[in-house]
Amino acid sequence: MKNDAWLNKKFIERAKELNRIGLFNLYPTESWALLPTINECNSILDIGCADGNKLPICRKINKKINYTGFDLNPELIKIAKKKYKKDLKSNFYVNDINEIHNNLKFKKFDLIMSWAVFYSINNYKDLIKKLFINHTKKFLIFDLRFSQIRNDIIDLKKSYTFYENENNKSPYIISSYRKFIKFLRVDLKGHIKNAYISGYCFNPSKNVWIRKDIKKPFICSIVLERGKNIRKINFTEKIPNV
């Protein structure tokens, strides 16, 4: 884990730069996902919370929300605890995403969100399945990088993200949109009532490398709403025509 890009000092600096605490600072697909859902919830788990930058946004939408933040980086959690020490309805913990399912045990949250995390986790589909089935009461919200390709790209020779130098790489997964939809229909069958997907084209940051022959990806925010014994998922999709 010591070579993980997310533990790098440059990443901590980058996290501070991206500290968007106002509703007007949200990206369009973040607003689209958060504004309708947070008001329906009493508890939130924010996976990959960094220094807690989403907490003030959650508070502005729903002042009564109980917020829990997990992040792999202990320095960012230290900053979050200091920044929000007067917020009695918030808690921050150092936690590796691959250990979250075991650490949560039987605990559930109305809403689980994870921004800019799953596209760096090789087994992201397994994690989505565990979090949604075992720990989500109402909504699971996250983002992914997609392309209209046959299979997921999980290969450091084709795409990666880095901080400080390119010897400190982490996966930059480009998901097959078609395979992802199939995953929702098959692996989460009976559990999803509604799947809302909204996306747009984007230029990857300077800390991302993608091999030139790979089709340009697009970013999507996904909101999965829980249901019981659902026969068919209701999909609402708005993605770029690329």
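Look above for the structure.
**Considering the pattern of salt bridges**
Item 1. For the structure shown, the criterion picks out 6 salt bridges.
Item 2. Lysine 125 is paired through a salt bridge with aspartate 152; the nearest N and O atoms lie 3.7 Å apart. Here aspartate 152 lies in the loop between strand S5 (136-147) and strand S6 (159-162) and lysine 125 lies in helix H6 (residues 124-135), a separation of 27 residues in the sequence.

**Examining the packing of aromatic side chains**
Item 1. Applying the stated criterion to the full structure yields 13 aromatic pairs.
Item 2. Centroid distance tyrosine 84 to phenylalanine 92: 6.0 Å. Interplanar angle 20°. Geometry classified as stacked. We note that tyrosine 84, like phenylalanine 92, is buried.
Item 3. For the ring pair phenylalanine 180 and phenylalanine 183, a centre distance of 6.0 Å and an interplane angle of 40° mean the geometry is tilted. One end of the pair, phenylalanine 180, and the other, phenylalanine 183, are both in helix H7 (residues 177-187), 3 residues apart, so they sit about a helical turn from each other.
Item 4. Taken together, the ring pairs in this structure connect Phe118, Phe142, Phe146, Tyr177, Phe180, Phe183 and Phe218 into an aromatic cluster.
Item 5. The residue whose ring lies beneath arginine 145 is phenylalanine 202, and the NZ or CZ to ring-centre distance is 5.7 Å.
Item 6. The ring centre of phenylalanine 132 lies 5.3 Å from the NZ or CZ of arginine 226, which sits over that ring.

**With respect to the state of the cysteines**
Item 1. Scanning the entire structure with this criterion turns up 0 disulfides.
Item 2. Here cysteine 201 stays free of any disulfide, with the sulfur of cysteine 220 as its closest cysteine sulfur at 9.4 Å.
Item 3. Classification of cysteine 201 as partly exposed rests on a relative accessible area of 43%.

**A look at H6**
Item 1. In this model H6 runs 15 Å from its N-terminal to its C-terminal C-alpha over 12 residues, within 8% of the 16 Å that 1.5 Å per residue would give.
Item 2. Buried within H6 are the following residues: Tyr124, Leu127, Ile128, Leu131, Phe132 and His135. Down the axis of H6, the smallest arc covering the buried residues is 120°, so these residues share one side.

**Observations concerning the nonpolar core**
Soluble globular proteins: nonpolar side chains tend toward being buried together.
Item 1. Among the nonpolar cores identified, the biggest contains 46 residues, and Ile128, Phe180, Leu184 and Leu224 are the most heavily contacted of them.
Item 2. Residues within four places of isoleucine 128 in sequence aside, it is in contact with Phe118, Leu140, Phe142, Phe180, Phe183, Leu188 and Leu224.

**Notes on the sheet that holds S6**
Item 1. Ordered by their spatial adjacency, 3 strands build an open sheet running S7-S6-S10, and the pairing between neighbours is antiparallel. Here the strands that pair on one side only, and so sit at the sheet edges, are strand S7 (169-171) and strand S10 (208-210). Pairs of neighbouring strands in the sheet enclose a mean axial angle of 30°, with direction left out of account.
Item 2. As defined by bridge partners, S6 adjoins S7 across 3 bridges and the pair is classed as antiparallel. By the bridge assignment for S7, threonine 161 is matched with serine 170.

**So, the pairing of strand S9 (residues 192-201)**
Item 1. Bridging between S9 and strand S11 (residues 218-226) involves 9 bridges; their strand directions are antiparallel. Counted as the bridge partner of alanine 195 is leucine 224 from S11.
Item 2. In this sheet, strand S12 (residues 234-238) lies alongside S9 in parallel orientation, the contact comprising 5 bridges. Bridged to serine 198 within S12 is lysine 238.

**Details of helix H5 (residues 97-104)**
Item 1. Taken residue by residue, H5 has Ile97, Ile100 and Leu104 as its buried positions. Take H5 and look down its axis: the buried residues cluster within an arc of 5°, on one side only.
Item 2. Along its buried surface, H5 packs onto strand S1 (43-47), strand S2 (66-71), strand S4 (109-114) and H6.
Item 3. By the N-cap criterion, in which a side-chain oxygen at the helix start approaches the backbone nitrogen of a residue two or three places on, H5 is capped by aspartate 96, the distance to asparagine 98 being 3.0 Å.
Item 4. In the stretch just after H5, lysine 105 is the one whose phi turns positive, near 55°.

Analysis parameters
Counting restarts for each chain: residues are numbered from 1 in the order of the written sequence. In keeping with the predicted nature of the model, local features appear solely for residues at pLDDT of at least 70, side-chain atom pairs appear and are counted solely at 80 or more, and the whole-chain, interface and lining totals rest on all residues. Calculation of side-chain values draws on the structure's entire complement of heavy atoms; hydrogens and water are dropped beforehand. Salt bridges, as used here, are contacts in which a Lys or Arg side-chain nitrogen is within 4 Å of a carboxyl oxygen on Asp or Glu. Only DSSP runs of H or I covering at least 4 residues are called helices, and only runs of E covering at least 2 are called strands; the numbering of each starts at the N terminus. Two rings from Phe, Tyr or Trp (for Trp, the six-membered ring) form a pair when their centres sit within 6.5 Å of each other. Planes less than 30 degrees apart are called stacked, planes more than 60 degrees apart edge-to-face, and all others tilted. For the exposure calls, accessible area comes from a 1.4 Å probe over protein chains only, and a residue counts as buried if that area is under 20% of its type's maximum, exposed if over 50%, partly exposed in between. Only when the NZ of Lys or the CZ of Arg is both within 6 Å of the ring centre and within 35 degrees of the ring normal is a charge said to sit over the ring. Pairs of cysteine sulfur atoms within 2.5 Å are what we label disulfides. Given the number of residues in a helix, its expected span is that number minus one, multiplied by 1.5 Å. The arc in question is formed by the directions pointing from the helix axis toward the C-beta atoms. Joining through side-chain atoms within 4.5 Å is the link that ties buried Ala, Val, Leu, Ile, Met, Phe, Trp, Tyr and Cys residues into a set, and such a set is a nonpolar core. In this description, contact between two residues means that some pair of their heavy atoms is separated by no more than 4.5 Å. DSSP calls a pair of strands paired once it identifies at least 2 bridges connecting them. For every element, the axis is a line fit to its C-alpha atoms; helices are fit only across the contacting stretch, and the angle between N-to-C directions ranges from 0 to 180 degrees. Any pair of nitrogen or oxygen atoms within 3.5 Å is treated as a polar contact; in protein, a donor-acceptor pairing is required on top of that, and neighbouring residues in sequence qualify only through side-chain atoms on both sides.

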